[in-house]
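Listed here are the chains, written in short residue letters.
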Amino acid sequence: MRKLSHPDHLAEWKRIIQEERPAYQKVIAVSSGTCGRARGSLQILETLTQEIERRKLSDTVGVEATGCHGFCEMEPNIVISPEGLFYKKLEAKDIPAIVERTILKNKLIPSLVYEDPATGRKYPRQREIPFYQKQMRLLTENNYRINPERIEDYIVLDGYQALAKALFDMTSESVIAEVKASGLRGRGEAGFLTGKKWELCREAHGHPKTIVCDADEGDPGAYMSRGLLEANPHSLIEGMIIGAYSVGASEGFICVRTEYPLAVKHVTLALEQARKHGLLGAAIFGSEFHFDIQVVQVAGAFVSGDETSLIAAIEGRKAFPRQQPPFPAQQGLWGKPTNIHNVETWANVPVVLNKGAEWYAKIGSDKSPGTKIFNLGGRINNTGLAEVPLGTRLRKLIFDIGGGIKNNRALKAVQTGGPCGGCIPAGKIDIPLDYDTLSQAGSILGCGGIIVMDEETCMVDAARYSLNSSSEESCGKCVPCRVGTKQMLEILNRITRGQGEALDITRLENLAAVMKAASLCGLGQLAPNPVLTTLRYFRNEYDAHIREKRCPALVCQGLLPEKKKAKNTRRPETGRKAI
Amino acid sequence: MDIEKILKESGTSQKDLVPLLHKIQAAYGHVPPESIAAVAKHLHLSESEVFGVLSFNRFFTLAPKGKVRVTVCQGTACHVRGGGRIVEEMEKKLGIPAGQTTADKKLSLEKAYCLGCCAIGPVVVVNGTHYSLVSPQKVDSILEKAKTAE
Ligand SMILES: Cc1cc2nc3c(=O)[nH]c(=O)nc-3n(C[C@H](O)[C@H](O)[C@H](O)COP(=O)(O)O)c2cc1C
Ligand code: FES
């Protein structure tokens, strides 16, 4: 295989790949991310391949394993190109009919077609299904066209062209200017301006500089990083190389959780392939720019996703956060300037360069341009990953894309941004999802987790659950977080057991104020959010627990009337018991 | 595989610590406490530093674990869908609390906080095989299969 030593080789390689590709009449993409595999997609893949071979169709029909397409609720599913047909929730026994009727005779199998539960309408094509049709998929659209184990699939879709453009048509400064002008903000947590961070890092003294991709997605209920790593690893690698060129870095790290073995596999393979083709390592594209990336497996703690903790983890120390400033962009790994971004941020960089800052800045809202991948979870019909422009209203995400609340129950609240995010009440469902509006409402955008709660959720219990999570994850280095989360949890435990006191509300508020002001890292600063927002929007539920010793949602075991108690244990499926 | 051999293949700076611990755990199923001194010496660290990193990272374990590792997700999404109930059921059926290994040393029960498949929770993983949409009724058959897993 060839090594690219000149930017023109890229177009040539693309042409060769296209010529040498088998001329399939149809391609079946089997969604095979971790979620698909958990639902049996590999068995579907194997049965399909056997059936195609048995019928001697291997020359005309291709079968590919791709990453997740986002509609995880419908796994295992396939997309048949060129028509873009979508078949859902497949079983191995469906395969012979699919080949016989759909592949050979172009006939639909109605039972496998997606049906909108609300309207009963059937949608044979993937792009027409409301879940997909209402999204804007800048980063995830190509997922069903890419076999993540093959760099060629990325090249055919104009992969690495942004890198060639950056290296040969632009200076480092002009790349930074372009990223700044696009208004791209970090997708990890704080939403800091990406270009500004690059500038800081470029201007900082110290060599060698480093680039880090934060894929230590410890935020329970969110897996967009995993989705991108598994489905399109080259997109973020390309972004990282461009970033390295801009800030002048020679070494990079991708830090992936040990819990994500498939992501580790795909990224490692992608790096090897990029290196083999001269896109990574010494003399990239034959230029004088050298840069290489290593994968680091971080062995799991939520707090190690914080950038200063991640630095400690790479250095081989305990993943404790430290005070900022100095920012990692100034003093990071081994005390040298280090540029850290979330997976999704890196994957946005090639898009910005390919489409131009002006185009990019027009997408989304004024101060939050671009798209964001949200993770729809909890009591919602269409769980999965959905990409929409920032500033999209929560209602659209929950009802138009998410298909509404499970079992037609009423929406009560939505927790955004993981266990450190606040709960937005149903009354604020028209809130635009962007960094600033969410923080005004007492929550965060975070990395895009959305947990939907219905009328059967007790908000005090929900706050208690989040605090339980934060107190377990607190690393213990700083007192406000270590003791604060614990004290808050104990108070909430008491309230949900029916032993709350009138003073508890003030105690919670005081603790929250101290934690927000004095915690070392985001974990402690944000952990009070679920409590503060539930106090703000659901004060009546706290009052019912404390004054009336009653849990209105009938969740808190200690506060149930005797009859209900018996009934609840008979219905374990509702599952919302106190831990 | 003996420790000396693993050490020889590893670098000697502090950043090699975590990869080294991964290798040791892959070879032994756990990090044997007696290996800490050797690792510390190899990397020019104190034993307490090695122990600190080891005990901070949830993935590493000093105690031997069973060949079969059953991990039940307790992340937010799985919790909302009844993941807590699944752990309880497993604990009851196996007669051990989460975090421990059965008396015959064959099976370890563990909790995780999000395995990245939130859409299809509650999720249980048995030696790399994922089970999704797990209900308490499915626990028996999962454990039955787990006992025969290698
Ligand atoms: C407790 C804690 C956990 C975090 N976890 C993650 C994470 O899993 N992924 C991530 O990209 N950023 C995480 N962050 C944010 C990082 O510190 C950092 O802000 C981010 O990686 C910067 O990337 P961005 O510029 O792309 O947003 C976490 C922060 C805290 C305080
Ligand atoms: S919360 Fe269980 S897989 Fe994410």
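Residues numbered from 1 in each chain as written. Chains lettered and ligands numbered in written order. Predicted model: local features only at pLDDT ≥ 70, side-chain atom pairs only at ≥ 80, totals over all residues. Heavy atoms only, no water.

*Asks:* What should I look at first to understand the overall build of chain A in this one?
*Replies:* Assigned secondary structure in chain A consists of 24 helices and 15 strands. Based on the C-alpha atoms only, the size of chain A along its principal axes is roughly 75 × 65 × 40 Å. The 579 residues of chain A split such that 61% are buried. Sequence-distant contacts in chain A: of pairs separated by 6 or more residues, those separated by 24 or more amount to 70%. Of the roughly 21700 Å² that chain A leaves accessible, carbon and sulfur atoms contribute 50%. Taking the 75 positively charged and 66 negatively charged side chains of chain A as two groups, their mean positions are separated by 6 Å. (Helix = DSSP H or I, 4+ residues; strand = E, 2+ residues; numbered from the N terminus. Buried < 20%, exposed > 50% of the residue type's maximum accessible area, 1.4 Å probe, protein only. Contact = heavy atoms within 4.5 Å. Areas by Shrake-Rupley, 256 points an atom, 1.4 Å probe, with all protein chains shown as cover. Lys, Arg positive; Asp, Glu negative; His and termini not counted. Charge placed at Lys NZ, Arg CZ, Asp CG, Glu CD.)

*Asks:* Looking at this model, I keep getting lost on the site of ligand 1. Mind explaining?
*Replies:* Residues and elements named next belong to chain A. Taken together, the neighbourhood of ligand 1 is formed by 21 residues, with Asp216, Glu307, His341, Asn342 and Thr345 sitting nearest. Taking Gly188, its main chain carries an N or O atom lying 2.8 Å from an oxygen atom of ligand 1. If ligand 1 stood free it would expose 610 Å²; the protein chains cover 96% of that surface. Looking at the shell around ligand 1, the elements with two or more residues in it are strand S10 (338–342) and helix H21 (522–526). For the shell around ligand 1, the element with the highest residue contribution is S10, accounting for three residues. Each residue belonging to the shell around ligand 1 can be placed in one class, and the counts come to five nonpolar, eight polar and eight charged. (Near = heavy atom within 4 Å. Polar contact = N/O pair within 3.5 Å; in protein donor to acceptor, adjacent residues only side chain to side chain. Nonpolar A, V, L, I, M, F, W, Y, C, P; charged D, E, K, R; others polar.)

*Asks:* Can you help me understand the interface of chain A and chain B in this one?
*Replies:* Interfaces are frequently sized by the accessible area removed from exposure as the parts join. Listed by partner, the interface residues are 48 residues for chain A and 36 residues for chain B. Applying the counting criterion to the chain A and chain B interface returns one salt bridge. Here Arg58 of chain B ties to Glu473 of chain A by a salt bridge, and the two come within 3.0 Å at their closest N and O atoms. Between the two partners, chain A and chain B, sit 10 residue pairs in polar contact (both at pLDDT 80 or more). (Salt bridge = Lys/Arg side-chain N within 4 Å of Asp/Glu carboxyl O.)

*Asks:* Even after reading the chapter, I still don't get the domain arrangement of chain A, so can you show me in this structure?
*Replies:* All names here are of chain A. If you check the domain split of chain A, you get domain 1 (23–125), domain 2 (151–173 + 196–353), domain 3 (371–454) and domain 4 (466–567). With centres defined by C-alpha atoms, the gap from domain 1 to domain 3 works out at 30 Å. Contacts between the two partners involve five residues from domain 1 and, on the opposite side, six residues from domain 3. Between domain 1 and domain 3 the total buried area reaches about 460 Å² when both faces are included, carbon and sulfur atoms providing 45% of it. For domain 1, the biggest contributors to the area lost against domain 3 are Gly70, Phe71 and Glu73; these three give 66% of the whole. At the junction of domain 1 with domain 3, the criterion picks out one salt bridge. With its nearest N and O atoms 3.8 Å apart, the salt bridge here joins Glu73 to Lys406. (Domains from an automatic or database assignment. Buried area = accessible area lost by both parts, 1.4 Å probe.)

*Asks:* Looking at this structure, how should I read the sheet that holds strand S3 (residues 78–81) of chain A?
*Replies:* To summarise the sheet geometry, strands pair through backbone hydrogen bonds and adopt either a parallel or an antiparallel arrangement. All names here are of chain A. Strand order in the open sheet formed by four strands is S2-S1-S3-S4, and the pairing between neighbours is mixed. A single partner strand is all that each edge strand has here, and the edge strands are strand S2 (61–66) and strand S4 (85–87). The sheet shows a mean angle of 20° between the axes of neighbouring strands, direction not considered. Of the strands in this sheet, strand S1 (26–31), S2 and S3 touch helix H3 (residues 41–54), which is tilted by about 165° from S2. Contacts between helix H4 (residues 95–105) and the sheet are confined to S1, S2, S3 and S4, with S3 contributing the most and set at about 35° to the helix. (Pairing = 2+ DSSP bridges. Axes fitted to C-alpha atoms, helices over the stretch in contact; angles between N-to-C directions.)

*Asks:* How should I be thinking about the environment of Val303 of chain A in this particular structure?
*Replies:* Its place among the elements puts Val303 of chain A in the loop between strand S9 (292–298) and helix H13 (307–315). For the pair Val303 of chain A and Leu526 of chain A, spaced 223 residues apart in the sequence, the C-alpha separation amounts to 12 Å. Apart from residues lying up to four places away in sequence, Val303 of chain A is in contact with Ser309, Ala319, Pro321, Glu473, Cys475, Cys521 and Leu523 of chain A together with Phe56 of chain B.

*Asks:* Explanation requested: the packing of aromatic side chains in the structure shown.
*Replies:* Each aromatic ring pair is described using two quantities: the centre-to-centre distance and the angle formed by the ring planes. All names here are of chain A. The tally for this structure, following the rule as stated, stands at 15 aromatic pairs over all chains. Pairing Tyr245 with Phe289 gives two aromatic rings, centres 5.6 Å apart and planes at 70°, and the pair type is edge-to-face. You can see Tyr245 sitting in helix H11 (residues 233–247) and its partner Phe289 sitting in the loop between helix H12 (261–276) and S9, a full 44 residues away along the chain. According to the relative accessible area criterion, Phe289 is buried, its value standing at 12%. Grouped by ring-pair contacts, the aromatic residues Phe71, Phe86, Tyr114, Tyr123, Phe131 and Tyr132 constitute a single cluster. The cationic tip of Arg257 hangs over the ring face of Tyr260; the distance from NZ or CZ to the ring centre is 5.1 Å. Its end group placed over the ring of Trp359, Lys355 keeps NZ or CZ at 4.8 Å from the ring centre. (Phe/Tyr/Trp six-rings, centres within 6.5 Å; stacked < 30°, edge-to-face > 60°. Lys NZ or Arg CZ within 6 Å of the ring centre and 35° of its normal.)

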